[in-house]
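Topology and contacts: notes
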Amino acid sequence: MGIGERFAAWPVVRQLLSGDPHALGAAARSPRSAALTPRTTTADRVVPSICPYCAVGCGQRVYVKDERVVQIEGDPDSPISRGRLCPKGSATRQLVTSPSRETKIKYRRPYGTQWEELSLEQAMDMIADRVIATRHAGWQDVDEDGKPLRRTMSIAHLGGATLDNEENYLLKKLYTALGAIQIENQARI
Amino acid sequence: MGTSFGRGGATTFQQDLQHSDCIVIMGSNMAECHPVGFQWVMEAKLRGATIIHVDPRFSRTSAVSDMYVPIRAGSDIAFLGGIVNYILQNGREFREYVERYTNAATIVSAEFEDTEDLDGLFSGFDPERGVYDVTTWQYEGAGDTGAAAGQRVRHFETDAALGERHGSHGALPGGRPRHRDPTLQDPQCTFQLLKKHFTRYTPEMVEETCGVPREQFLRVAELLCDNSGPEKTAAFCYAVGWTQHTVGVQYIRTAAIIQQLLGNIGRPGGGILALRGHASIQGSTDIPTLYELLPGYLPMPHPGDEDLATYIDNNSSPTGYWGNMDKYATSFLKAWWGDKATPENDFCYDYLPRINGDHSNFRSVLDMLEHKVKGYFVIGENPAVGSTNSKLQRLGLANLDWLVVRDFVEIESAAFWYDSPEIETGELRTEEIPTEVFFMPAAAHTEKDGSFTNTQRLLQWHHTAVEPPGDARSDLWFAFHLGRIIREKLAGSTDERDRPILDLNWNYPTQGAIEEPDAHMVLREVSGYDADNKAVSGFQDLKADGSTACGCWIYSGAFAGEVNQTARRKPHQDQNWVAPEWAWAWPANRRLLYNRASAKPDGSPWSERRRYVWWDDAREEWTGYDVPDFLTKKRPDYKPPDGAQREDAIAGDEPFIMQADGVSWLYAPSGLRDGPMPAHYEPQETPFRNPLYAQQHNPVRQTYRHRYNPYHPSNGQVGSEVFPYVFTTYRVTEHHTAGGMSRTLPYLSELQPEMFCEVSPELAAERGLVHNDWATIITARTAIEARVMVTDRVTPLLVQGRTLHQVGLPYHWGTKGLTTGDSANDLIPLALDPNVHIQESKAATCDIRPGRRPRGPALLALVEQYRRRAGLDGAESRRAAAKEHDR
Amino acid sequence: MSMTLPPKTPSGGRDPAAISGWAQHPDRVGFFTDTSICIGCKACEVACKEWNEVPDDGLNWLGQSYDHTGELGADTWRHVQFIEQRKRPGTADEGLDAPLIEHVPLAQLGREEGFRWLMSSDVCKHCTSAACLDVCPTGALFRTEFGTVVVQADICNGCGYCVPACPFGVIDQRRGDGRVWKCTLCYDRLKGGFEPACAQACPTNSIQFGPLDELKVRANRRVRQLHEQGFTDARLYGADPDDGVGGLGAFFLLMDEPEVYRLPPDPVVPTRDLPAMWGAAAKAATALAVATVAAFMAGRR
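Residues numbered from 1 in each chain as written. Chains lettered and ligands numbered in written order. Predicted model: local features only at pLDDT ≥ 70, side-chain atom pairs only at ≥ 80, totals over all residues.

Turning our attention to the overall build of chain A. Scanning chain A for helices and strands turns up 7 helices and 8 strands. Across the 189 residues of chain A, 54% fall into the buried class. (Helix = DSSP H or I, 4+ residues; strand = E, 2+ residues; numbered from the N terminus. Buried ≥ 20, exposed ≤ 12 C-beta atoms within 10 Å, placed from the backbone.)

On to the overall build of chain B. Scanning chain B for helices and strands turns up 28 helices and 29 strands. Scaling as 2.2 N^0.38, a compact globule of 887 residues should have a C-alpha radius of gyration of about 29 Å, and chain B matches this with 27 Å. Dimensions of chain B, computed from the C-alpha atoms along their principal axes, are close to 75 × 70 × 55 Å. Taking all 887 residues of chain B together, 67% fall into the buried category. In chain B, once contacts between residues fewer than 6 apart in sequence are set aside, the share between residues at least 24 apart is 73%. (Rg over C-alpha atoms; globule rule 2.2 N^0.38 Å. Contact = placed C-beta atoms within 7 Å.)

Moving on, we get to the nonpolar core. Counting 357 residues, the largest nonpolar core has B:Ile23, B:Val24, B:Val84, B:Tyr238, C:Ala47 and C:Cys132 as the members making the most contacts within it. Among the elements that line this core, the one with the most residues is helix α5 (residues 76–89) of chain B, at 9 residues. Setting aside chain neighbours within four positions, we find B:Val24 in contact with B:Ile52, B:Val54, B:Leu224, B:Ala234 and B:Phe236. (Core = buried A, V, L, I, M, F, W, Y, C linked by C-beta atoms within 7 Å.)

Our focus in this paragraph is the interface of chain B and chain A. If you look at the interface, chain B gives 128 residues, while chain A gives 99 residues. It is helix α22 (residues 475–490) of chain B that provides the largest number of residues to the side of chain B that touches chain A, a total of 11 residues. Class assignment for the residues of the side of chain B that touches chain A results in 66 nonpolar, 45 polar and 17 charged. Pairing of strand β7 (residues 148–158) of chain A with strand β10 (residues 375–379) of chain B, which is carried by 4 bridges, proceeds in the parallel orientation. (Nonpolar A, V, L, I, M, F, W, Y, C, P; charged D, E, K, R; others polar. Pairing = 2+ DSSP bridges.)

Residue and element names in this part refer to chain B. The 5 strands lie next to each other as β3-β2-β1-β6-β7, forming an open sheet whose pairing is parallel. This sheet does not close on itself; its edge strands, each paired only once, are β3 (67–70) and β7 (272–274). When strand polarity is set aside, the average angle formed by the axes of neighbouring strands in this sheet is 15°. By the bridge criterion, 3 bridges tie strand β6 (residues 234–238) to β7 in an arrangement that is parallel. Note that in β7 the partner of phenylalanine 236 across the bridge is isoleucine 272. (Axes fitted to C-alpha atoms, helices over the stretch in contact; angles between N-to-C directions.)

Turning next to the environment of B:Ile257. Residues and elements named next belong to chain B. Structurally, the position occupied by isoleucine 257 is in helix α13 (residues 248–261). Each C-alpha atom, one on isoleucine 257 and one on glycine 91, is 15 Å from the other, the two residues being 166 residues apart in sequence. Look past the residues within four positions of isoleucine 257 in its chain and what remains in contact with it is Val84 and Leu666.

So, on to the interface of chain A and chain C. Each partner contributes residues to the interface: chain A has 29 residues there, and chain C has 29 residues. Contributions of two or more residues to the side of chain A that touches chain C are made by α3 (31–35), β3 (68–74), α4 (87–90) and α5 (92–97) of chain A. The class makeup of the residues in the side of chain A that touches chain C is 11 nonpolar, 12 polar and 6 charged.

Residue and element names in this part refer to chain B. With their axes 8 Å apart at the nearest point, helix α17 (residues 361–369) and helix α19 (residues 390–397) run at an angle of 50° to one another. Classified by the interaxial angle, the pair formed by α17 and α19 is oblique. For α17 against α19, the interelement crossing comes out left-handed. Facing α17, whose interface residues are Val365, Met368 and Leu369, α19 presents Leu392, Gln393, Leu395 and Gly396. Classifying every residue of the contact of α17 with α19 gives 5 nonpolar, 2 polar and no charged. (Parallel < 35°, antiparallel > 145°, perpendicular 65-115°, else oblique. Left-handed = near helix turned anticlockwise from the far one by under 90°.)

All names here are of chain B. Most of helix α24 (residues 519–527) sits out of view: 7 of its 9 residues are buried. If you check which residues of α24 are buried, you get Ala519, Val522, Leu523, Arg524, Glu525, Val526 and Ser527. Once α24 finishes, glycine 528 follows within two positions and takes phi at roughly 110°, a positive value.

Moving on, we come to helix α10 (residues 203–210) of chain B. Residue and element names in this part refer to chain B. With respect to burial, α10 is a largely interior element, 6 of its 8 residues being buried. Those residues of α10 lying buried are Met205, Val206, Glu207, Glu208, Thr209 and Cys210. Here the buried face of α10 lies against α5 and α11 (214–226). Residue glycine 211 follows α10 closely and has a positive phi angle near 75°.

With that out of the way, let us pick up the domain arrangement of chain B. All names here are of chain B. Considered domain by domain, chain B is made up of domain 1 (2–103 + 163–169 + 178–274), domain 2 (283–355 + 518–567), domain 3 (595–655) and domain 4 (702–884). Placing the centre of domain 2 and that of domain 3 at their C-alpha centroids yields a distance of 28 Å. Contact with domain 2, which involves 6 residues of that partner, is made by 5 residues of domain 3. (Domains from an automatic or database assignment.)

All names here are of chain B. Here we have 3 strands laid out as an open sheet, ordered β13-β14-β17, and antiparallel in their pairing. In the strand order of this sheet, the two ends are held by β13 (450–453) and β17 (584–585), each with one partner. Where β13 meets strand β14 (residues 458–462), 4 bridges bridge the pair, whose relative direction is antiparallel. Across the sheet, residue glycine 450 finds its bridge partner in β14, namely histidine 462.

Moving on to unusual backbone geometry. All names here are of chain B. A cis amide bond, omega -5°, links tryptophan 586 with the succeeding residue proline 587. Assignment of secondary structure puts proline 587 in the loop between β17 and β18 (613–616). In the Ramachandran plot, tyrosine 297 falls in the positive-phi region, its phi being about 65° despite a non-glycine side chain. As for its placement among the helices and strands, tyrosine 297 is situated in the loop between β8 (293–294) and β9 (298–299). Backbone geometry places alanine 583, a non-glycine residue, at a positive phi of 55°. Tracing the chain through its elements places alanine 583 in the loop between α24 and β17.

Here the focus is the pairing of strand β11 (residues 402–407) of chain B. Residue and element names in this part refer to chain B. By the criterion of burial, β11 is predominantly enclosed, with 6 of the 6 residues buried. Burial along β11 is two-sided: Trp402, Val404 and Arg406 facing one way and Leu403, Val405 and Asp407 facing the other are all buried. Across 5 bridges, the pairing between β10 and β11 is parallel. Bridge pairing in β11 places isoleucine 379 opposite arginine 406.

Once that is clear, we can look at the confidence of the model for chain B. All names here are of chain B. Confidence in the prediction of chain B, expressed as mean pLDDT, is 93, and 95% of residues score 70 or more. This model gives residues 144–169 a pLDDT under 50, and the stretch forms 75 contacts once residues within four places in sequence are excluded. Scored as a complex, the prediction yields pTM 0.94 and ipTM 0.95. (pLDDT = per-residue confidence, 0-100.)

For the rest of this paragraph, the subject is the environment of A:Ser49. By the secondary structure assignment, A:Ser49 is in strand β1 (residues 45–50). In this structure, the C-alpha to C-alpha distance between A:Ser49 and A:Glu73, residues 24 residues apart in sequence, is 9.8 Å. Filtering out sequence-adjacent residues up to four positions away, A:Ser49 remains in contact with A:Gln60, A:Val62, B:His445, B:Thr446, B:His462, B:His463 and B:Ala465.

A few words now on the packing of α5(B) against α10(B). Residues and elements named next belong to chain B. Between α5 and α10, the shortest axis-to-axis distance is 9 Å and the interhelical angle comes to 170°. With respect to their mutual orientation, α5 and α10 come out roughly antiparallel. Touching Ala78, Phe79 and Gly82 of α5 are Pro203, Met205, Val206, Thr209 and Cys210, all from α10. Looking at the contact of α5 with α10 residue by residue, the classes come out as 6 nonpolar, 2 polar and no charged.

Residues and elements named next belong to chain B. Bridge count between β18 and strand β19 (residues 621–624): 4 bridges; the pairing is antiparallel. Note that in β19 the partner of tryptophan 615 across the bridge is tryptophan 622. Taken together, β18 and the strand that follows it, β19, pair antiparallel across an intervening segment of 4 residues, in which glutamate 620 is found at a positive phi of about 55°.

What follows deals with the environment of B:Met677. Relative to the helices and strands, B:Met677 resides in the loop between β19 and β20 (702–703). Apart from the residues lying within four places of it in its own chain, the contact partners of B:Met677 are B:Leu194, B:His197 and B:Tyr667.

See the structure below:
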């Protein structure tokens, strides 16, 4: 920095030169403030999405930086929401990045008094075994008139209104093929 | 809505509300529960529309409405019936619309007897079984079809009425009705039957039943009529404030009748908008995780549906779009069992399990208590807080062999075995609970591809932004890999019962390190493909010969042209206001249903102001702002030839193409279990008698007799004075359902940090309740505590000459999360609508007193004391219960 | 001598950036909060916190109707008030031309005075003459090129002089941090050409963002419309460039007196007389200096 520049950067001189004699405006702006940019413009990518709360179906834009969600806000292109979000929709980033989210399997054995750890693979294997065994235990081939039922009455499911259509489709397909019929969701609740 | 119009989706879309001249919000707190959708109501208001809110509670919706009408919870049919009567007595109906587009002229069987004749019952009631035989409700001449009709009536009795949610109805056993009186004078035509039926719903009766002064009621009726007709349109918005009653489906039916009479269906600014509370709740009925349905509202087969032909015959209709059911059913079976499904093996129809009763969740929970249901998947739902009589739910969870819970956080339904009200009272002890629990972290919507179907039938795709953390996985991943592992374990099995799972078409490509199934390919299967494995363009491409596969026919076309149509995001600024190129709506991307009705019978718009879809004479086709909900080339003057089938049987001036007779139903000859026309019945728990009929309750409502599900005596029965107040439950803006997605977040929890109850200053004075202090709300199920909010927003009502106090209870709280509190759902008994098995959680009775509730076993003692006082204990209790069940 | 107000724009608004060293600057921007269409959803509170990463304000039951965050502060930069009021809206006569508002069935209840529920999202006013800015000794507060008033966390030393200076009680020190925090009108977003987070989220457009001069035209039109509908109490607050703070950068349409919304009816910048005081001080200092020099000179003699 030359002596002239150094002189010009001296606050008193700066406020006089900039037309900000009381140093309440341009002269008071810190280098950090001068360099500020919205983090939406420095994101690595913007991913179109839909709000996961109610059924209005507001458009969302998910901003990702270094593989982390750094901002979620309304999508102004949506004909339904026009970029707006309610308090829940506005809290979506907190929802998906919340430290309260569980990231590990938790297992409670019968009559157990605490949670235990389990690997994902082991949990899936154990659940598959239980489905097969329980399905057989509650199997009904025919009704009292001898007409086919081909079902199990010992496995039930609850959930779906918060799931994707594709997820509900595969769940219904799997359960039905297994003969489980007590499949229900929030639509009634 | 299915029974009235043919499809169980909202008839309109949220943006269309901006064109309404009058919007009635009833059974919904739209500003609080759907704030962003509510912008369209505010747009209408700024353009001069009148906004009316009818609700037991003055909410944030009321605050910005032009008119607020407080009403007794559970009395809406009387109010709406009063409007029907007002319209008919004063000739305010849109005559040409009613004559041409509804079944007003159709003649009903002479054997039909109305509630007017039977003091609150319709003909065909079987008091032994508590059900109706609906034969006498049919159109005149419908019985002519002979033996097959009996079986078809069976279907209508059991499955047909998924009511407002039901995708497609209007099937008629005999096809088109043969007897009509276009002058609407015949006493057996539905118009005259309707007039007679609603005659007693006078303004005075509305006042006595609802607690709404007659002048105020008349003002609503006048505003609605003044804002309907060729030039103007009015809309209704509702939510679970209507559905969650023992006569819930008939609430919606009454609104549907009003909108038909006023000519407000199929027209811009009109319609009935169902406001749903979960991101894909419409999707979860379209592709149902519901026991009685297969995708696209194909019913689950019954034991009597012995083969595919019988199944199709029992569930289709010769005329209207349901005439194509063979194509939809066959394509569905091909999607599931692929090459294994052949004409020779009936396309694997035998692989489908059969239903033969009530297999709804409440039934399953009772079966858990009896250890019949042993394994349970709870995925993205929290029944320990969110379900009615949640004590039953928790006791059920505590009596399983195994439970899988998938969610973001450790919700109450996963923690019940060490943290629940029953652990606190000592009713349950951790070390005695046998249930093996697997809690599995779920991926968020930002961590997976997939589509949600919103409240207006719009499928919108969300894309993966980041990978899910740790062991978190999508439910797609869970379903696919669980199926894969089970198939691997069963491989080589010769057991015949394993064939359906082993032969299942389960070959979805996976991607990435976590082997996530490709959701696009799942949607492609749902949408359908042909014999050359090319994506079909829509359900019109589907065939009954097994050459096409389609997982859900109403979603057919969502992947047309090998393009994921649900991921379309053309900005609304770059298209017309209907925005047809944003995402994709079922059916066939139509946004406003039955829009043929926006034009006169001759095809020209009813008015310039309300122009929407019309016949273009030059181009010889229907055109407009939306995709016509009609065959585009069918002329307005088309008359079906004799013997015409399927869509060819619908005339060019019949807009309701899903109905076998092409018109909307003022009177529903089939599809409902509790009456072809709505009638007011009192809620299961009520301090009042039914002022309209001797019949107190819905005679075919579903009740469960169980020690944990006692009902209060009502209307002056011994003990009813112990529970003198009516309570209603609801959401607030700041929280979401059972709290798993809101009570865990600081930014939302700080906005509504505690469970509270809302009471009027008058009730506070009567019971000594102090604002910001605590109150205990007591029922025979249990008692809960809540912070007291004394507010003018709750108002006592004058009903049948008595002052009624109502208590408001938000239901979001439970024992986990940042903000915890007692759960309002613990108070509500299970009593269900007979059509859709939805519980009555919007009106029940209670007592309230100041102070916090007792802790531990003392809570049980308090409830026991109330039960005794109400005569619900021991022998007395059994007598009271028996009396209560007297229909 | 009184305070020097910034020059007026051709539309009559004030242009504080012009006297703050911003030779070339964009139009002054701000908020118009139309409380007549506020639904009290609090999306503004959450959107603000999400964008600015403001900590939560504690889970405290206050029971001020549906308000549990209480007031604007270091951790609440947008705040929604809920006012339950026994009052008939407007003052128009009853009759066919009266507004359609009919709330509780009055005759039945003895609540003849009527009832309404007012909601309003409050925020920093970004005053034309901002006392917080005037008193800040460190230069932590500054007037931006958009005419807004922003605290710079990297400069603020937590002296707290600005806190009592604010006529609206907006600016506040954060517990455990000591520095002051308040609405920045999303300075970073403005620099990127985006509207502030609260305005973007607002479901009903109750919070409108834009050039102040344009917002005032819109606001005046809305007031006329409400008056025609019989809501004669509707008024603008903070839109007058000649009031005690030179007009607000965030102004409001209120449905009643400002006091009902806990707003000062006639806010005055407490540093209004500062220039005069500085003038007097300067004279005194000069006199003192002259005297000192004189004494010094005398001493040398």
